[in-house]
Amino acid sequence: MHILVTGGAGFIGSHVVRHFLTKYPSSTITNLDCLTYAGNLANLRDVEHLPNYRFVKGDITDGDFLMQLFEKERFDGVIHLAAESHVDRSIANPTAFVVTNVLGTVNLLNAAKASWQSNSEGKRFYHISTDEVYGSLGEEGMFTEETPYAPHSPYSASKASSDHFVRAWHDTFGLPVVISNCSNNYGSFQFPEKLIPLFINNIIQKKPLPVYGKGENIRDWLWVVDHAEAIDLIYHQGKTGETYNIGGHNEWSNIDLIRLLCRIMDNKLGRTSGESEKLITFVTDRAGHDLRYAIDSSKLQRELGWVPSITFEKGVERTVEWYLSHDEWLSNVTSGSYQHYYDEMYGVR
Ligand code: NAD
Ligand code: DAU
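Residues numbered from 1 in each chain as written. Chains lettered and ligands numbered in written order. Predicted model: local features only at pLDDT ≥ 70, side-chain atom pairs only at ≥ 80, totals over all residues. Heavy atoms only, no water.

Asker: Please set out the site of ligand 1 residue by residue, giving values where relevant.
Answerer: In the vicinity of ligand 1, 30 residues are found, and the nearest of them are Ile-12, Asp-33, Ser-85, Tyr-155 and Lys-159. Between ligand 1 and Lys-159, the relevant distance is 2.7 Å, taken from an oxygen atom to a side-chain nitrogen or oxygen of the residue. Measuring from an oxygen atom of ligand 1, one finds a backbone N or O atom of Asn-185 at 2.9 Å. The fraction of the free accessible surface of ligand 1 (830 Å²) that becomes covered by protein chains is 96%. (Near = heavy atom within 4 Å. Polar contact = N/O pair within 3.5 Å; in protein donor to acceptor, adjacent residues only side chain to side chain. Areas by Shrake-Rupley, 256 points an atom, 1.4 Å probe, with all protein chains shown as cover.)

Asker: Describe empty space enclosed by the protein, and please don't skip the residues or the numbers.
Answerer: Under the criterion given, the structure shown has 2 cavities of 30 Å³ or more. A volume near 70 Å³ is recorded for the largest cavity. Forming the boundary of the largest cavity are 10 residues, of which Leu-35, Gly-39, Tyr-338, Gln-339 and Tyr-342 lie nearest the centre. Across the lining of the largest cavity, the residue classes tally to 5 nonpolar, 4 polar and 1 charged. Approximately 50 Å³ is the volume attributed to the second largest cavity. (1 Å grid on protein atoms, 1.4 Å probe; cavity = no way out; pocket = protein on both sides within 12 Å on 5 of 7 lines; lining within 4 Å. Points joined across faces, edges and corners; volume = space filled by probe spheres on them. Nonpolar A, V, L, I, M, F, W, Y, C, P; charged D, E, K, R; others polar.)

Asker: Explain unusual backbone geometry to me, using residue names and the numbers behind them.
Answerer: With phi around 50 degrees, Arg-74 is a residue other than glycine that occupies positive phi space. Within the fold, Arg-74 resides in the loop between helix 2 (63–73) and strand 4 (77–80). The phi dihedral of Lys-206 falls on the positive side, at around 55 degrees, and the residue is not glycine. As for its placement among the helices and strands, Lys-206 is situated in the loop between helix 6 (195–205) and strand 8 (209–212). (Helix = DSSP H or I, 4+ residues; strand = E, 2+ residues; numbered from the N terminus.)

Just geometry here; none of it tells us what the structure is for.
Below, the structure is given as structure tokens:
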């Protein structure tokens, strides 16, 4: 099998690449990534020597390039993670999200369709999406696979749009697709613009912790390694044309999560209890801030037997330990020097 993973130098993509490389040594995994600010090849340093790993620097917004790549490589499957992924950046620059998340996905669909048109037997186009496409919940209820789409941010609107295009290529052209919509991920190698790694870094640096609004918004957190395991199951056993929700059954208000993080950090850093909480600073709310996400992942549990492997408290503690013991990774990312890693590994661009 030759599987194309897009966005494999990012946070979740690097975990997916590592998982597939090590679990399926006889499959070739090609990681296609254009290395935006969020792409960091150092995320794959421990596995890039493996004989079944290939890296291609390329942009999914370039349709001609994708056509040629698919023609040459004859992929058996695609796991599509490449995206602009940060809600705050989508508010600052929405067009970039339309170009990458919508146009880039359509380019990939076209390339897979062209490559598999004579025989799509055993082929699979797996699109990785988000729970944010379902919009926002009140105090009750959970998102199921039947919840109507109601995105609010430019990011979630672009992901919702890409999901519709993936379904359209299945319904119109018979492309063998599968989609999953996952809740908030956390873990190692996450870019420190997202809540958990940003706050870990700020606590280390004793910088303010900017809590949007009153910190009452609720997210459903899942350890990224459990997401990679779910992706493996869905890629191999999910039904063509179906959607699977993935979530941790693990809802936390932002302020409760931040207080937990502060307690763990004080303990690990040998600081006085309560010291990090003093860094909490309430700031202007995010525009269009969704109040609550909660995922019903019972379909995935029932049909494919997936359940998260660790509790949130354990996962966060492990995550904190990882960032504390990878201070070089963190300082390379925050200083920007990680962007030279490609030049060192593959020659100057
Ligand atoms: P990320 O921002 O960490 O990584 C995105 C990767 O895509 C980067 O390596 C980047 O260089 C690459 N990329 C961006 N534009 C590209 C382009 N035009 N061509 C090629 N590569 C490009 O993102 P992430 O948090 O790992 O999310 C991965 C996927 O999972 C996204 O599709 C996201 O919508 C989805 N998702 C994320 C979460 C989460 O909590 N992070 C939850 C559910 C779903
Ligand atoms: O739900 C899945 C989504 O989770 C993914 O599709 C996105 O790619 C991913 O970025 C994430 O989106 P969120 O907007 O939920 O994640 P973020 O880490 O940006 O924010 C989590 C919560 O914390 C959210 O309610 C906003 C809040 N927040 C975030 C930051 C960065 C703050 O209060 N302060 C901050 O500085």
